[in-house]
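Structural overview
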Amino acid sequence: MKDKDLINLLNQMTLDEKIGQMVQVAGDIFLEDTIDVSTGPLKNLGLSNEMLYNVGSILNVMGAERVKKVQDEYLSKSRLKIPLLFMDDVINGYKIAFPIPIAQGCSWNVETIKEMTKISAMESNIAGANVNFSPMVDLSRDARWGRVMESIEGEDPYLGQVYAKAMVEAYQGKDLSELGNIASCVKHIAAYGAVEAGRDYNTVDMSEREFRQYYLPSYKAAIESGAEMIMTSFNIVNGIPATINKWLIQDIIRNELNFKGIVISDYGAIEETIAHGASKDEKQAALNAINAGVDIEMMSSMYSNNLKELCLENKEIEEKVNESVLRILRLKNKLGLFENPYGNIDKQKEDIYIMNKDNLERAKKLTQETFVMLKNENNILPLDTNKKIALIGPYADNSAITGSWSMFSDRTKNKTILDMFKERMTNEKLLYSKGTEILREEKINEILRADGLPLIHVENEKEKEELSIKEAFETAKEAEIIILLLGEHYRQSGEACSRSNISLPENQIKLINELHRLNKPMIMILFNGRPLQLNNVADKFDGILEVWFPGTTGARAITEVLFGDVNPSGKLTMSFPQNAGQCPIYYNHYNTGRPLLRDFRYMSRYQDIPTESFYSFGYGLSYCNFKYENLKLDKNKMTEEDIITVTIDVENQSAYEGYEVIQLYIQDLFGSVVRPVKELKGFKKEFFKPFEKRQIKFEIDIEMLKFWNQDLEYIAEEGDFKVYVGGNSVNVLEETFKLNR
Ligand code: GLC
């Protein structure tokens, strides 16, 4: 349809029909079998039947047949036949669950992330998705916050910008009506990752300068890449809930970033402005939200119950409603829904494409790039198949290795590590014992209770645990290498999963300590959705492989890396803290006036733990051994027109082939506001053949030196700078240069 036709359509709509377009409900409302996923407190919105058949979009209904059934049911009762939009949380894949976003970000490979995104988009588009609530680009520095698992960028705004662009373009393609393209909804605006104390939904308060320097860039990149929608976050931003924050939505998103797309609230977030104490009642919540510029209310009924009255009281409100509805109609039009209300659903394609062998093979390869090898002493890895190996732990024979947002994927169908090892090893060489549960009854019941699920009871839990650990000990006694597969429960990570203690649970630590008594080589494979405290266990292992929640193909992907078919290449995008007390912690921090340069009381430090992170941003090992030398700048002075060329020699000193992520950091040594000790400004993921040595080149331009000053100008200041290059953010070579204005 042409835009004028959309405007004509708008003019034919009654006020109820317009307001309906601004309401999003969970799909179960249309489906008696309510197997659909609710990702928030499911509640009766009290919608009239008439309003129900006016709503503009549906949340989390997927599957060609189900989508068609809902669309048919809806259109049969819709006067103007304006099709429903289907929006979903395909956060890391639909039926093929990919690694959780924090893991994807650890690949430091834009093409890999794009490919995972494209496969997810295709699978979900033929299953009925028009819009995906992704990418989540909330900068995340606090491992206590459960949603760090969703952050594609971890703690770095440069990665956030690069990844946001890649994902939005991969989701949307050139033409939204084309098969495999879905609209991207970037979230959560804004600064949701900065919730105080890592407690979900908690307060966010920071200077505008801090916000612009660290948190805004990735949202900006997503919007500039054409994201069709943005989602407002649950938290307040400097005293006002993001969802009704005019400065945020109007001044920054609409006016400064020139965003023309749709603003959707998060789940019930308009109603929650009452609980925040920012809206007196439901009517004011609706007024605040429409005045701030929220186009669609997700899963609460402030708009459906109050907007009509507000419009009748004030014509200007109806003008805002008209603008919102036109934005919604425009997106439906871009998706081609007026010509074909079913979008690209296709039952036949679903049967052929979804979970097909080629995609699963691709998914496995892509997944392997997300693993981070944190330790590999005495070259315990890759494994020697002639050795007798014991697989021990709750994740040895466990298929629940997909993240908490993988609700469309069937976890029970995943292979386990034990399955995969059996494919490669004979019985006399392969031993297995579960050793312990992921969590004890008390902790599992915390999860089940929060999900309203029936609680479990374990008779004589303590005795059973001791017996199980003893059995594991006896099993491991026969082995030459012990592989411990441990970590978090997938429902300990994700939304509403903040934790004050990020150590492995007591029972798993008990198992580690018991097996360590055998004094045999031990390897830990870690399944988790956040950086964990490892300073109390890491020294007991010769090898540690961080696999996060690796998804559908995880077991095979991990096994091939462990046996050396594939060389791990991942690098951390979030610092691993010494413990929760050190959170938030991030590499691009300020120096303070008392950096810990010597062992002296009156320095910026803790009395009980080291100041630096346990594993640093950008860190990750390979089976290769990479040597960095000859860092050179082609000039040591630059003006704003100049480019400095940086070169460094990187040598693979091993017989393995593999990838290395060469990272470029810059430090502004002195500024009108303090500047971070280093900031990532470039990276290259390069393949090296055995014993290959190559010169790697970067360029530094004035844009890389700019920052937000006290007057909120984005400028570069003359003075001295340092360049750091290395395979992580700590072990680096350095050079200096001057910027002269
Ligand atoms: C949830 C999440 C958001 C998700 C939305 C729809 O509460 O905060 O990320 O997209 O609701 O499920």
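Residues numbered from 1 in each chain as written. Predicted model: local features only at pLDDT ≥ 70, side-chain atom pairs only at ≥ 80, totals over all residues. Heavy atoms only, no water.

1. Remarks on the overall build of the chain
Scanning the chain for helices and strands turns up 20 helices and 26 strands. Computed over its C-alpha atoms, the radius of gyration of the chain comes to 26 Å, within 12% of the 27 Å expected for a compact globule of 741 residues. For the chain, with 741 residues in total, the buried portion stands at 63%. With an accessible surface of roughly 28,400 Å², the chain has 48% of that area assigned to carbon and sulfur atoms. (Helix = DSSP H or I, 4+ residues; strand = E, 2+ residues; numbered from the N terminus. Rg over C-alpha atoms; globule rule 2.2 N^0.38 Å. Buried < 20%, exposed > 50% of the residue type's maximum accessible area, 1.4 Å probe, protein only. Areas by Shrake-Rupley, 256 points an atom, 1.4 Å probe, with all protein chains shown as cover.)

2. Some words on the layout of surface pockets
One way to see where empty space is left: roll a probe the size of a water molecule over the atoms. Of the volumes computed, that of the second largest pocket is approximately 960 Å³. As for the second largest pocket, its lining consists of 31 residues, of which Y586, H589, T611, E612 and S613 are closest to the centre. Across the lining of the second largest pocket, the residue classes break down as 15 nonpolar, 12 polar and four charged. (1 Å grid on protein atoms, 1.4 Å probe; cavity = no way out; pocket = protein on both sides within 12 Å on 5 of 7 lines; lining within 4 Å. Points joined across faces, edges and corners; volume = space filled by probe spheres on them. Nonpolar A, V, L, I, M, F, W, Y, C, P; charged D, E, K, R; others polar.)

3. Some points on the pairing of strand β3 (residues 85-88)
Every second residue of β3 is oriented toward a common face, with L85 and M87 on one face and F86 and D88 on the other, all of them buried. As judged from the three bridges shared by strand β2 (residues 57-59) and β3, these two strands associate in the parallel manner. Within the sheet, the bridge partner assigned to S57 lies in β3 and is L85. Note that the unit made of β2, helix α4 (residues 64-76) and β3 has a crossover that is right-handed. Two strands pair when backbone bridges link them, and β3 and strand β4 (residues 131-132) are joined in this way by two bridges, in the parallel orientation. Across the sheet, the residue bridging to D88 is N132, located in β4. (Pairing = 2+ DSSP bridges. Right-handed = clockwise from strand over helix to strand, strands pointing away.)

4. A closer look at empty space enclosed by the protein
Per the stated rule, a full pass over the model turns up seven cavities of 30 Å³ or more. Of the voids in this model, the second largest cavity is the one considered here, and its volume is about 70 Å³. Together, M13, E17, Q21, Y53, N54, Y74, S78, R79, L80 and I82 line the second largest cavity. Of the residues belonging to the lining of the second largest cavity, the class tally is five nonpolar, three polar and two charged.

5. Let's talk about the environment of V673
Among the structural elements, V673 can be located in the loop between β20 (658-668) and β21 (679-688). Beyond its immediate chain neighbours, meaning those up to four positions away, V673 contacts R209, F707, W708, N709 and Q710. (Contact = heavy atoms within 4.5 Å.)

6. Examining the sheet that holds β2
In sheet architecture, strand pairing relies on hydrogen bonds along the backbone and comes in two forms, parallel and antiparallel. Pairing is parallel across the open sheet formed by eight strands, whose spatial order is β9-β6-β5-β4-β3-β2-β1-β10. Strands at the two margins of the open sheet, each flanked by one partner only, are β9 (262-264) and β10 (297-298). Examined bridge by bridge, strand β6 (residues 229-232) and β9 share three bridges and lie parallel to one another. Considered in β9, the bridge of I230 is made with V263.

7. With respect to the side chain of H188
Inspection of the secondary structure puts H188 in strand β5 (residues 183-189). Sequence-distant contacts of H188, defined by excluding residues within four places in its chain, comprise M136, D138, R147, E150, Y219, M231, S233 and D266.

8. Re the packing of aromatic side chains
Scanning the entire structure with this criterion turns up 24 aromatic pairs. Every member of this aromatic cluster is reached through a ring pair, and the members are W108, Y158, Y587, F617, Y665 and F683. The residue whose ring lies beneath R141 is Y586, and the NZ or CZ to ring-centre distance is 3.6 Å. (Phe/Tyr/Trp six-rings, centres within 6.5 Å; stacked < 30°, edge-to-face > 60°. Lys NZ or Arg CZ within 6 Å of the ring centre and 35° of its normal.)

9. What to know about the sheet that holds strand β26 (residues 732-739)
Strand order in the open sheet made by the five strands is β18-β26-β25-β20-β21, with mixed pairing throughout. Looking at the sheet topology across the chains shown, the edges are occupied by β18 (637-638) and β21. In the sheet, β18 pairs with β26 via two bridges, with the strands oriented parallel. Residue pairing across strands places M638 opposite L739, the latter belonging to β26.

10. Considerations on the packing of helix α1 (residues 3-12) against helix α13 (residues 315-334)
Following both chains from N to C, one finds α1 and α13 inclined at 130 degrees, their axes separated by 10 Å at the closest point. As summarised for this structure, α1 and α13 are arranged oblique, according to the angle between their axes. The interaxial crossing formed by α1 with α13 has right-handed handedness. Within the contact between the two elements, α1 uses D3, L6, I7, L9 and L10 and α13 uses N322, V325, L326, L329, R330 and N333. Considering only residue class, the contact of α1 with α13 consists of seven nonpolar, two polar and two charged. (Axes fitted to C-alpha atoms, helices over the stretch in contact; angles between N-to-C directions. Parallel < 35°, antiparallel > 145°, perpendicular 65-115°, else oblique. Left-handed = near helix turned anticlockwise from the far one by under 90°.)

11. Examining unusual backbone geometry
In terms of backbone geometry, most residues other than glycine have negative phi values and most peptide bonds are trans. For the peptide bond that leads from I189 to A190, omega is 10 degrees, which places it in the cis range. Within the secondary structure layout, A190 lies in the loop between β5 and α8 (208-224). At N258, a position not held by glycine, the phi torsion is positive, near 55 degrees. A residue is classified by how much of its surface remains accessible, and N258, at 46% relative accessible area, is partly exposed. Positive phi values are uncommon outside glycine, yet W548 reaches one of about 55 degrees. Relative to the assigned elements, W548 resides in the loop between β16 (543-546) and α20 (554-562). Under the relative-accessibility criterion, W548 is labelled buried at 1%.

12. Quick word on the environment of K118
Mapping K118 onto the fold places it in helix α6 (residues 110-126). Taking the relative accessible area as the measure of exposure, K118 reaches 33% and is therefore partly exposed. Residues K118 and Q172, spaced 54 residues apart in sequence, show a C-alpha to C-alpha distance of 9.1 Å. Contacts of K118, omitting those with residues within four sequence positions, involve A170, Y171, G180 and N181.

13. Notes on the confidence of the model for the chain
Chain-level pLDDT for the chain is 96 on average; 99% of the residues reach the 70-or-more range. Highest mean pLDDT in the chain belongs to β9 (99); lowest belongs to helix α3 (residues 49-52) (85). (pLDDT = per-residue confidence, 0-100.)

14. Points about helix α7 (residues 157-172)
The end-to-end C-alpha distance of α7, which contains 16 residues, comes to 22 Å, matching closely the 22 Å that a straight helix rising 1.5 Å per residue would cover. For α7, every residue scored as buried is listed here: P157, L159, G160, Y163, A164, A166, M167, V168, A170, Y171 and Q172. Considering only its buried residues, α7 is in contact with α5 (101-105), α6, β4, β5, α8 and β21. For α7, the side-chain oxygen to backbone nitrogen distance between the N-cap and Y158 is 2.9 Å, and the N-cap itself is D156. Remark: G173 follows α7 within two positions and exhibits a positive phi of approximately 55 degrees. (Expected span 1.5 Å × (residues − 1). Polar contact = N/O pair within 3.5 Å; in protein donor to acceptor, adjacent residues only side chain to side chain.)

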